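Inside the fold
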Amino acid sequence: MSKRKREEGEMEPREFTNNFDAFSEEISKSWQQISEGFAGKLKAGISSLLPRMVEGLRQADDHDDSVYTGKTGIALLYLQLHTAFQQGDDLATSYQHLKAPLQRLRGRRHTFLCGDAGPLAVGAVVLSKLGRASESQACVDKLHDLHRAALDPGLPDELLYGRAGYLYALLYLKSRLPGVTIDDAVVERVYRCMIESGGTLSKREKSKSPLMYAWHEKNYVGAAHGMCGILCLLMQVTAPWAQQFLHSHIKPSVDYVTQLAFPSGNFPSSLGNSSDRLVHWCHGAPGAIHMLLQAHKVFGDSKYLEAARRCGVVIWERGLLRKGYGLCHGTAGNAYALLTLYQSTKDSKYLYQACKFAEWCLDYGKHGCRTPDRPFSLFEGMAGTIYFLADLLNPETAQFPALYI
Ligand SMILES: [Zn+2]
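Residues numbered from 1 in each chain as written. Predicted model: local features only at pLDDT ≥ 70, side-chain atom pairs only at ≥ 80, totals over all residues. Heavy atoms only, no water.

Named according to an unreviewed UniProt entry, the protein is LanC-like protein 2 originating from Patiria miniata.

Description of the overall build of the protein
Test applied: Per the convention used, a helix needs a DSSP run of H or I reaching at least four residues, while a strand needs a run of E reaching at least two, with both numbered from the N terminus. What the globule rule says is 2.2 Å times the number of residues to the power 0.38, and the radius of gyration is computed from C-alpha atoms. Using the Shrake-Rupley algorithm and a 1.4 Å probe, accessible areas are obtained, with residue cover drawn only from the displayed protein chains. Under the convention used here, Asp and Glu are negative, Lys and Arg are positive, and both His and the chain ends fall outside the count. To locate a charge, take atom NZ for lysine, CZ for arginine, CG for aspartate or CD for glutamate.
A count of helical and extended segments in the protein gives 17 helices and 0 strands. Rg of the C-alpha trace for the protein: 20 Å, near the compact-globule value of 22 Å for 405 residues, within the 12% margin. C-alpha extents for the protein along the principal axes are approximately 55 × 50 × 50 Å. Summed over all atoms, the accessible surface of the protein reaches about 17,200 Å², with 48% contributed by carbon and sulfur. Here the protein contributes 45 positively and 41 negatively charged side chains, and the mean placements of these two sets differ by 3 Å.

Brief notes about the coordination of the zinc ion
Applicable threshold: Metal donors: N, O and S atoms at distances within 2.8 Å, or within 3.2 Å for Na, K and Ca, with water omitted from the atom set so that some sites may seem incomplete. To sort residues, take the accessible area from a 1.4 Å probe on protein chains only and compare it with the maximum for the residue type: under 20% means buried, over 50% means exposed, and anything in between is partly exposed.
On the protein side, the zinc ion has C282 (SG), C328 (SG) and H329 (ND1) as donor atoms, found 2.0 to 2.3 Å from it. Spacing between the donor residues of the zinc ion along the chain follows C-x45-C-H. Of this pair, C282 sits in the loop between α12 (240-258) and α13 (285-299) while C328 sits in the loop between α14 (302-318) and α15 (331-345); the two residues are 46 residues apart in sequence, bridging distant segments of the chain. Accessibility expressed as a relative area gives 7% for C282, which makes it buried.

Re the UniProt feature "binding site: Zn(2+)" (unreviewed entry) in the protein
As a reminder, the rule being used: UniProt positions are given in the numbering used here, feature names are shortened, and annotations may be inferred rather than shown by experiment. In this analysis, two residues are considered to be in contact whenever any of their non-hydrogen atoms come within 4.5 Å of each other.
When the UniProt feature table is mapped onto this chain, "binding site: Zn(2+)" (unreviewed entry) is found at C282, C328 and H329. The annotated residues occupy 48 residues of the chain but converge on a single region, no pair of C-alpha atoms lying more than 6.3 Å apart. When near neighbours in sequence (up to four residues on either side) are disregarded, C282 contacts G222, A223, A224, C328 and H329. Relative to the assigned elements, H329 resides in the loop between α14 and α15. Residue contacts for H329: discarding those within four places in its chain leaves Y68, H280, C282, L321, K323 and E380.

Topic: α15
To keep it simple, the criterion reads: To estimate how far a helix should extend, the number of its residues minus one is multiplied by 1.5 Å.
The terminal C-alpha atoms of α15 lie 21 Å apart, and with 15 residues this matches the ideal 21 Å at 1.5 Å per residue to within 8%. With respect to burial, α15 is a largely interior element, 13 of its 15 residues being buried. Positioned one or two residues after α15, K346 has a phi angle of 60°, which is positive.

This is the structure we're talking about:
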């Protein structure tokens, strides 16, 4: 393809026009909660997508063990289905997908989404639910052992490949397996390491933000590689030793990110990038909104909620993505943003909007979207869409995976 052609190609709209009716008084009556009819639609959608996913996975890369695009992501989906429906053999199926990842831990990466911490954390939960306590404990022990690697000074701090991705796994286990002891000293060391690392880079770059982070020498802003994901996670640590950093380091850093918003309400993908293009969980408002809503919860300042509502506007307008239906850079991930906004505001407009995006996802494959590299995986493909549809059945408690503990 010629350079000119490629540039023209890049100017194609990244999203479909949102033709759903705007929220109105009339609509509000029927969207106070999810109706039985809509729940039925969601369940029918899940039942029709699941066999397509199973068929599609036969062609998938057999050596990808990650939560992000591999086998553990499928295990996490089945764990989610088990939680949502409490029937059938979803738990056993989840374990089937975990067997290989647990047998061939790579020892190379240690995050929840892309490394060994994913199979170990999900494995500990699934094995515990299956009544295999000693095997579950073995996973917890191995997860603890990864902390030395997570403290390596050469490591980034972001969610996919960095310390936040390891910290998430520890906190996930702490909340999902209350009976299991997670060494608080390990959590504290990793947390403090992230604060220190952010402080060091801030000083080096003479940043106005007390915490600054980079991945591949770029100051990313979004949830996957940047400050929004890191700060969203740090704010969820409620231990007494973490309190001192909340006002001195975290709040001013969140404030710094908040003021980076474009006039549209969207966020740049990295510092210095002035193009208001990407509206994805990984880059842009659908990831930033999680940091803002968490900040509102922790600090109570209404400016975060206002910024989150502005994210809601741009997500509703530009969130039906040509990239597909997935969580990371697809419509399901954007629907989660609207759903989380509903949980924080109790404004039924956002429940309606999340449900309309879900409806759009139910027409999977009919819009002419691009096919992602891993089309059936949890974070890029169909497994993530199914995960979201199942989560939407309980809109008050639904949570974007690998971000909330
Ligand atoms: Zn993405």
